[in-house]
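Here's the letter readout for the chains.
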Amino acid sequence: MHQRFKDAPKPWLDLSTGINPFAYPHVSVSREAVEHLPTNAMIEGCRAAMAKAFRAPRESIVVGPGSELLIRLLPNVIKPKVVVILNPTYGDHKTVWAAADCRVIETEAPLQRAGEADAVVVCNPNNPDGRIFSPNELERAREQLAARGGWLIVDEAYADLDPRLSIASSGGKDGLIVLRSFGKFYGLAGIRLGAALVPALLRSVINHRLGSWPVSGAALEIGTRAYNDTDWAMMVRPKLASARVRLDSLLQRHGLTINGGTDLFRLIKTANAHQMWKRLAESGIYVRRFDWSEHDLRIGLPPDEQAEDRFEKALSFLT
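First things first, this report covers the structure right here in the doc.

So, how was this worked out
- Residues numbered from 1 in each chain as written.
- Predicted model: local features only at pLDDT ≥ 70, side-chain atom pairs only at ≥ 80, totals over all residues.
- Heavy atoms only, no water.
- Pairing = 2+ DSSP bridges.
- Helix = DSSP H or I, 4+ residues; strand = E, 2+ residues; numbered from the N terminus.
- Buried < 20%, exposed > 50% of the residue type's maximum accessible area, 1.4 Å probe, protein only.
- Contact = heavy atoms within 4.5 Å.
- Disulfide = S-S within 2.5 Å.
- Axes fitted to C-alpha atoms, helices over the stretch in contact; angles between N-to-C directions.
- Parallel < 35°, antiparallel > 145°, perpendicular 65-115°, else oblique.
- Left-handed = near helix turned anticlockwise from the far one by under 90°.
- Salt bridge = Lys/Arg side-chain N within 4 Å of Asp/Glu carboxyl O.

### What to know about the sheet that holds strand β9 (residues 257-262)
For step 1, the next point in the chain: Spatially, the four strands line up as an open sheet ordered β9-β10-β13-β12, and their pairing is antiparallel. The open sheet has two edge strands with one neighbour each: β9 and β12 (288-289).
For step 2, the next point in the chain: Sheet analysis places β12 next to strand β13 (residues 296-300), joined by two bridges and oriented antiparallel. For R289, the partnering residue across the bridge sits in β13 and is L297.

### What to know about the side chain of T270
For step 1, the next point in the chain: Tracing the backbone through its elements, the reader meets T270 in the loop between β10 (265-269) and α10 (273-282).
For step 2, the next point in the chain: Taking the relative accessible area as the measure of exposure, T270 reaches 16% and is therefore buried.
For step 3, the next point in the chain: Setting aside anything within four residues of it in sequence, one finds T270 in contact with L256, M276, E294 and H295.

### Notes on the state of the cysteines
For step 1, the next point in the chain: Tallied over the entire structure, the rule returns zero disulfides.
For step 2, the next point in the chain: No disulfide involves C123; its sulfur sits 17 Å from that of C102, the nearest cysteine.

### As for the packing of helix α2 (residues 40-54) against helix α8 (residues 217-228)
For any two helices packed against each other, one specifies the crossing angle of their axes together with the interaxial distance.
For step 1, the next point in the chain: Two elements in contact, α2 and α8, have axes separated by 8 Å at closest approach and are oriented at 30°. Classed by the angle they form, the pair α2 and α8 counts as roughly parallel. The interaxial crossing formed by α2 with α8 has left-handed handedness. Across the interface between the two elements, M42, I43, G45, C46, A49, M50, K52, A53 and F54 from α2 touch G217, L220, G223, T224, Y227 and N228 from α8.

### What to know about the side chain of T107
For step 1, the next point in the chain: Within the secondary structure, T107 sits in strand β4 (residues 103-107).
For step 2, the next point in the chain: Among residues more than four places away in sequence, those in contact with T107 are V84, I85, L86, N87 and R113.

### Some details on the environment of I167
For step 1, the next point in the chain: In this fold, I167 is placed in the loop between β6 (151-155) and β7 (176-181).
For step 2, the next point in the chain: Classification of I167 by relative accessible area gives buried; the value is 2%.
For step 3, the next point in the chain: Placed 32 residues apart in sequence, I167 and P135 show a C-alpha to C-alpha distance of 5.5 Å.
For step 4, the next point in the chain: Residue contacts for I167: discarding those within four places in its chain leaves P135, L138, E139, V154, E156, L176 and V178.

### Thoughts on the pattern of salt bridges
Pairs can form between side chains of opposite charge once their charged atoms are near each other.
For step 1, the next point in the chain: Going through the model one piece at a time under the given rule, you end up with 20 salt bridges.
For step 2, the next point in the chain: Across the pair R246 and E308 runs a salt bridge, and its minimum N-O distance is 2.9 Å. Taken together, the positions of R246 in helix α9 (residues 230-253) and E308 in helix α11 (residues 305-316) put the pair 62 residues apart, joining distant regions of the chain.
For step 3, the next point in the chain: With a relative accessible area of 15%, E308 lands in the buried category.
For step 4, the next point in the chain: A salt bridge links R253 to E312, with the shortest nitrogen-to-oxygen separation between them at 2.7 Å. Of this pair, R253 sits in helix α9 while E312 sits in helix α11, and the two are 59 residues apart along the sequence.
For step 5, the next point in the chain: Counted as one network, the salt bridges with shared partners bring together R244, D248, D263 and R266.

### Details of the packing of helix α3 (residues 67-77) against helix α7 (residues 200-210)
For step 1, the next point in the chain: Running from N to C, α3 and α7 point in directions that differ by 115°, and their axes come no closer than 11 Å. Classified by chirality, the crossing of α7 by α3 is right-handed. Residue-level inspection shows L69, L70, L73, N76 and V77 of α3 in contact with α7, the latter providing L202, V205, I206, R209 and L210.

See below:
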């Protein structure tokens, strides 16, 4: 971006991510966390904190270096031939399964294919449109898949926004893989921390693939602190909701149609999304465009009033 748009105003305003701009603030770490290899006690402490935050069985949790790597590991630990994926959704899911020579079926109704697929993949809430699936309908699909030796894979990267949506309490059940991401809700993507909630046999396989020290001591220490900090989580959810309301109002003032999203990002529909993306980039503002659509853009939350004003001024020249 910097090379392509060398004349864009600096600094860049990055609204391309779905990462909390009001990041968890308590990120200091002990010398022990960075001078020594992570101990089993540190890993178990993080698992316990995750279990508390996810409302999930502790024994179901595998701690990993971000959910993205865990997504890429899955073809090495389960071997489905037919994988049904929600469309549209986070692109890595299709990329990973297609690269594993699976037959990938993209559909708007993936749970309805649970009776014929070897694996069904959904994000809940979905990225980029914010579509949600209830825990009850996910459980019905899991039962169908598990009865045939199949898998329901639920990517809950944004479930911390509304824990009522999560199926993590079913972690460890047959046929269920739940993926969780630390960086998005807590605003600390560089920490590289995530989790997979899986049945016992899969836990053993994934742990073996990850090795003895898959997550840094610093990530474990910060993650444990953040996941245990329920007061911060309860405080930041309404703060994100308020910022999302302000962003909605800003977008609507400029005649843009909101086509879904979450409290961390909005999906808008516009006549020529790629042209709008380019013109915003020329103003030093980076939003997310999609190869599969000429009409959709995803826009993250501006971090402060100054950023909101800058974004609004840029839109005023485009709409």
